[in-house]
Amino acid sequence: MELQGKRIALGVTGGVAAYKAAELVRLLLKQGATVQVAMTDAATHFVTPVTFQALSGQPVFTDQWDARIGNNMAHIDLSREADALLVAPASADFLAKVAHGLADDLLSTLVLARDCPLLVAPAMNRQMWENPATRRNVATLRADGVAVLGPGCGDQACGETGLGRMLEPEEIVAELIAHFQPKPLKGRRLLLTAGPTFEAIDPVRGITNLSTGKMGYAIARAAHEAGAEVTLVSGPVALPCPYGVTRIDVTSALQMRDAVLAQTAGSDVFVAVAAVADYRPAAPAEQKIKKDGGTPPAIELTLNPDILAEVAALPHPPLCVGFAAESQKLDEYAEKKRRAKKIPLIVGNLIQNGFGGDDNTLVLFDDDGRHPLPPASKIDLARRLVAHIATLLEKN
Ligand code: CTP
């Protein structure tokens, strides 16, 4: 329920993607928002107001002369009561109108009369998106402080492929949630590792760690919400990349180290969340090992590089943050790791409290001592951690 209590005015304009706005309403309600829909006349040719009325549980407005609003001030009332005005899908025509301040129907009037933030999720044919007129209009909207969400790339209703597709409803909701978060990392670049590594024994077998990647992915999302440009170097996990985050996929610790070192220049923060395998087979077999004779093969191991310690030892390191997953003596072991790796901040967690799950308990250790975070969901903890990182960055 990440939009609990938020009042969202949702504008729907004419485009095939209007059908996805129905799903968007459902997802917004699921996150605790109330949704007031206003449609352009063109939008009603794609989906009827009845659909949105049934889904939102609120009357839908399409006409600025609607007699249901006593004082005939629908254009002021509907967006004045909202915490955000979201237009999805936003057609090329609609973007042009907003860029030029036109107000010739209910939705464009709502936009002009608003005193809340405006977010638009464009949806159009790729050539319309690339047209210089649209480029100009979008640039104007951005300069006016309008949040332009997407568009995405992919197959279009017209049969073409390219940029112009409306973001998926889940992505729009994630961006709306992000919109309401504070931006203490605006203008910062954050690099992080997440997930396990997999160290090959032979082409079909390997050594790995138990790690779902959930905590690291939550931190990537929280950092994006906080305004950072985020690069996530990820071991093999079954999670989708958070919207707005750049993901680099790796398998082994050596690949992870190379990917990280290629990205450290220009990064303000490095957060090592990955459960890196401490050791790897010294000489992985090129062919599958057969169980001939039944004698168990001996696997010689060699030490993997400590990625976090290497980054922390660079001449001008980013602010380095480590994780210490311990089964006992959390304070002692976490602080010991922080000193050994020479990092300003380490995040301790007792592994019986939330390995693999959606909730967790964390304690932060830095030069000022220990800062326990109350038990919460991984995304809430990630947001608190990101806020703490931002205060350390400020101090530096
Ligand atoms: N780390 C890393 N590269 C490694 C090993 C660990 O970047 N090769 C990072 C992890 O991402 C985490 C922290 O270092 O941030 C964990 O420290 P580490 O001492 O390696 O933890 P464990 O392997 O759990 O140590 P131990 O087995 O001694 O408890």
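(A) The sheet that holds strand β1 (residues 7-12), seen in detail. Taken together, five strands build an open sheet; the order of strands is β2-β1-β3-β4-β5 and the sheet is parallel. A single partner strand is all that each edge strand has here, and the edge strands are β2 (34-39) and β5 (147-148). In terms of strand pairing, strand β4 (residues 118-122) meets β5 through two bridges, oriented parallel. Its bridge partner lying in β5, L119 is registered against A147. Sheet strands in contact with helix α4 (residues 92-100) are β3 (84-90) and β4, and its direction is about 140° off that of β3.

(B) Spotlight on the pairing of strand β17 (residues 345-350). β17 sits mainly inside the fold: five of its six residues count as buried. In this fold, strand β16 (residues 319-326) hands off to helix α12 (residues 330-341), which returns the chain to β17; that crossover is right-handed.

(C) Spatial organisation of the domain arrangement of the protein. Under the domain assignment used here, the protein contains domain 1 (7-179) and domain 2 (189-395). Taken over C-alpha atoms, the centre of domain 1 sits 39 Å from the centre of domain 2. Contacts between domain 1 and domain 2 engage six residues on the former and five residues on the latter. A combined buried area of about 470 Å² lies between domain 1 and domain 2, and 61% of that area is made up of carbon and sulfur atoms. Across the domain 1-domain 2 interface, the total number found is zero salt bridges. Viewed at the interface, domain 2 and domain 1 are joined by one residue pair in polar contact (both at pLDDT 80 or more).

(D) View of the nonpolar core. Of all hydrophobic cores here, the largest spans 37 residues; its most connected members are L185, L190, L192, I219, V271 and F323. Ranked by residue count, the leading element in this core is helix α13 (residues 378-395), at nine residues. Residues contacting L192, with those up to four places away along its chain left out, are G216, I219, A220, V230, T231, L232, V233, F270, V271 and V273. Core analysis: the second largest hydrophobic core is formed by 33 residues, L10, A33, L167 and L176 among them.

(E) Just the layout of surface pockets, in detail. Of the voids in this model, the largest pocket is the one considered here, and its volume is about 900 Å³. If you trace the largest pocket, you find 35 residues lining it, with V273, A274, A275, V276 and F323 closest to the centre. Listing elements by their share of the lining of the largest pocket, those giving two or more residues are β8 (189-194), α9 (214-225), α11 (307-312), β16 and α12. When its residues are assigned to classes, the lining of the largest pocket shows 17 nonpolar, twelve polar and six charged.

Calculation notes
- Along each chain, residue indices are assigned from 1 in the same order as the chain's sequence is written.
- Totals for whole chains, interfaces and linings use all residues, but because this is a predicted model, local features are given only for residues with pLDDT of at least 70 and pairs of side-chain atoms are given and counted only at 80 or more.
- Calculated side-chain values reflect all of the structure's heavy atoms, with hydrogen atoms and water omitted.
- Two strands form a pair only when DSSP identifies at least two bridges running between them.
- A run of H or I in DSSP becomes a helix once it reaches four residues, and a run of E becomes a strand once it reaches two; helices and strands are each numbered from the N terminus.
- By definition, residues are in contact when any of their heavy atoms lie within 4.5 Å.
- With axes taken as lines fitted to C-alpha atoms, and helix axes fitted only over the stretch in contact, angles between N-to-C directions fall between 0 and 180 degrees.
- Only protein chains enter the area calculation, which uses a 1.4 Å probe; residues under 20% of their type maximum are buried, those over 50% are exposed, and those in between are partly exposed.
- With its strands directed away from the observer, a crossover is right-handed exactly when the path from the first strand over the helix to the second travels clockwise.
- What counts as a domain boundary in this text is fixed by an automatic or database domain assignment.
- The term buried area means the drop in 1.4 Å probe accessible area that two parts suffer when joined, counted for both and summed.
- What counts as a salt bridge is simple: a side-chain nitrogen of Lys or Arg found within 4 Å of a carboxyl oxygen of Asp or Glu.
- Here a polar contact is recorded for every N or O atom pair within 3.5 Å, except that within protein the pair must consist of a potential hydrogen donor and a potential acceptor, and residues adjacent in sequence are included only if both atoms are side-chain atoms.
- We define a nonpolar core as any set of buried Ala, Val, Leu, Ile, Met, Phe, Trp, Tyr and Cys residues linked to one another through side-chain atoms lying within 4.5 Å.
- With a 1 Å grid laid over protein atoms only, a set of points is called a cavity when a 1.4 Å probe fits there but cannot get out and a pocket when it is open yet has protein on both sides within 12 Å along at least five of seven lines; lining residues have an atom within 4 Å of a point.
- Grid points are joined across faces, edges and corners, and a volume is the space filled by probe spheres set on the points.
- Amino acids outside the nonpolar list (Ala, Val, Leu, Ile, Met, Phe, Trp, Tyr, Cys, Pro) and the charged list (Asp, Glu, Lys, Arg) are all regarded as polar, and Gly is one of them.

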